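Residue strings, one per chain:
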Amino acid sequence: MFKRIRAKLDDMSTIKRLCERAEAHALQDQQREPGAEHFLLAALDLPDGTARLAFERAGAEPDALKGAIERQYGDALQSIGLTGNAPDEMPLSANPGAYQAAPSGQAIMQELAQTRRDHAPLLGAHVVSIVAGLPQGVAPRALRALGVDPAILKSSADAIVGTSVR
Amino acid sequence: MDDLRNIAIPTDPEEALAAVVALRRLADRIERAAVRSALRQGWSWSRIALALGVTKQAAHKRLSDVAADDGSA
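Residues numbered from 1 in each chain as written. Chains lettered and ligands numbered in written order. Predicted model: local features only at pLDDT ≥ 70, side-chain atom pairs only at ≥ 80, totals over all residues.

1. Digging into the interface of chain A and chain B
Across the contact, 18 residues belong to chain A and 23 residues belong to chain B. Elements with a contribution of two residues or more to the side of chain A that touches chain B: helix H4 (65-78) and helix H7 (138-145) of chain A. Of the residues forming the side of chain A that touches chain B, the biggest block, 3 residues, is contributed by H4(A). Among the residues forming the side of chain A that touches chain B, the class breakdown is 11 nonpolar, 6 polar and 1 charged. (Contact = placed C-beta atoms within 7 Å. Helix = DSSP H or I, 4+ residues; strand = E, 2+ residues; numbered from the N terminus. Nonpolar A, V, L, I, M, F, W, Y, C, P; charged D, E, K, R; others polar.)

So this is what it looks like as structure tokens:
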């Protein structure tokens, strides 16, 4: 009983950290509402290290993800014939009031919540698995720009989750 | 300078939609840079809002932190 309560508190602490880091990554990316790609970056920051491990086992460099996110925007503009540099980044402040994620970020949180019973405990690899399973959007495009197959990354994350025990 | 007449919309919907997302993000960045420049040149929020085609309240709500950066909020 005590162990279960303790585990729930640990998960809540992980979710809080995940949301805070996702928002910080979004603001650095000039967006107020974190999307799936920002939750993926946040998962890499989690101290359990499983998100980073999933990337490494899939042959991807975790620290290169941020650059790949930026690169896929440039690639998308190039696909319509636009080239050039965006204006310098300017500091962005967080939304006042309740925490608000972008739709892709909301989808990650909802799936995490729906599969909570499977999570023992909540790990960065769970987030990686969900994000790597997204069919469209900035996150899968960034993974491809990083040179990693999202399906392989998902398998890698799922294998790590499978070996975690409470 | 890119000639906008040369913009070719990709036939692959994924590529075309990704370009839309990237353009919106670029527009947001240009907007923030332009508003900061306008504030530094003494523009009022009413004038900025008129130029952006939005209400003063909407402009201020979305972009007031640009003013804070500039010390003119």
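Still more ground to cover, so stick around.
2. Topic: the confidence of the model for chain B
All names here are of chain B. Taken as a whole, chain B shows an average pLDDT of 86; of its residues, 84% reach a score of 70 or greater. Of all the helices and strands in chain B, helix H3 (residues 56-70) carries the lowest mean pLDDT, 80, while helix H2 (residues 45-52) carries the highest, 96. For this predicted complex, the interface confidence comes out at an ipTM of 0.79, alongside a pTM of 0.87. (pLDDT = per-residue confidence, 0-100.)

3. Some details on the nonpolar core
Residue and element names in this part refer to chain A. One finds Phe 39, Leu 40, Ala 43, Val 127, Val 128, Val 131 and Leu 153 to be the most contacted residues of the largest nonpolar core, which totals 44 residues. The set of elements that each furnish at least two residues to this core consists of helix H1 (2-28), helix H2 (36-45), helix H3 (50-57), H4, helix H5 (103-114), helix H6 (124-132), H7 and helix H8 (150-163). Examining the composition of this core, we find that 7 residues originate from one element, H2, more than from any other. If sequence neighbours within four positions are ignored, Val 128 has contacts with Leu 40, Ala 43, Ala 51, Ala 54, Leu 153 and Ala 157. (Core = buried A, V, L, I, M, F, W, Y, C linked by C-beta atoms within 7 Å. Buried ≥ 20, exposed ≤ 12 C-beta atoms within 10 Å, placed from the backbone.)

4. Remarks on H6(A)
Burial of H6(A) is extensive: 9 of the 9 residues sit out of reach of the surface. Within H6(A) the residues assigned to the buried category are Gly124(A), Ala125(A), His126(A), Val127(A), Val128(A), Ser129(A), Ile130(A), Val131(A) and Ala132(A).

5. Remarks on H8(A)
Residue and element names in this part refer to chain A. Look at H8: 20 Å from first C-alpha to last across 14 residues, which is about the 20 Å you get at 1.5 Å a residue. Pro 150, Leu 153, Lys 154, Ser 156, Ala 157, Ile 160 and Val 161 are the residues of H8 that are buried. Along H8, the residues classed as buried sweep out an arc of 160° about the axis, all on the same side. Seen from the buried face of H8, the exposed residues on the opposite side, beyond 90 degrees, are Ala 151, Gly 162 and Thr 163. Against H3, H6 and H7 lie the buried residues of H8. (Expected span 1.5 Å × (residues − 1). Arc of directions from axis to C-beta.)

6. So, the packing of H2(A) against H4(A)
Residues and elements named next belong to chain A. Running from N to C, H2 and H4 cross one another at 165°; their axes reach a closest spacing of 10 Å. Overall, the two elements H2 and H4 adopt an arrangement that is roughly antiparallel. In the crossing of H2 with H4, the sense of the turn from one axis to the other is left-handed. Two secondary-structure elements touch here, H2 through Glu 37, Leu 40, Leu 41 and Leu 44 and H4 through Leu 65, Lys 66 and Ile 69. (Axes fitted to C-alpha atoms, helices over the stretch in contact; angles between N-to-C directions. Parallel < 35°, antiparallel > 145°, perpendicular 65-115°, else oblique. Left-handed = near helix turned anticlockwise from the far one by under 90°.)

7. A closer look at the packing of H3(A) against H6(A)
All names here are of chain A. The geometry of H3 relative to H6 is characterised by a closest axis approach of 6 Å and an angle of 50° between their N-to-C directions. Between H3 and H6, the crossing angle belongs to the class labelled oblique. Between H3, through Thr 50, Ala 51 and Ala 54, and H6, the contact on the second element is made entirely by Gly 124, Ala 125, Val 127 and Val 128. Here the contact of H3 with H6 is built from residues that sort into 5 nonpolar, 2 polar and no charged.

8. Considering unusual backbone geometry
Residues and elements named next belong to chain A. For Gln 30, which is not a glycine, the phi torsion comes out positive at approximately 65°. Tracing the chain through its elements places Gln 30 in the loop between H1 and H2. Residue Gln 30 is classed as partly exposed on the basis of its 16 C-beta neighbours within 10 Å.

9. Thoughts on the environment of Arg62(B)
Residue and element names in this part refer to chain B. With respect to the helices and strands, Arg 62 occurs in helix H3. Of the residues examined, Arg 62 has 16 C-beta atoms within 10 Å and is grouped as partly exposed. Placed 30 residues apart in sequence, Arg 62 and Arg 32 show a C-alpha to C-alpha distance of 9.6 Å.

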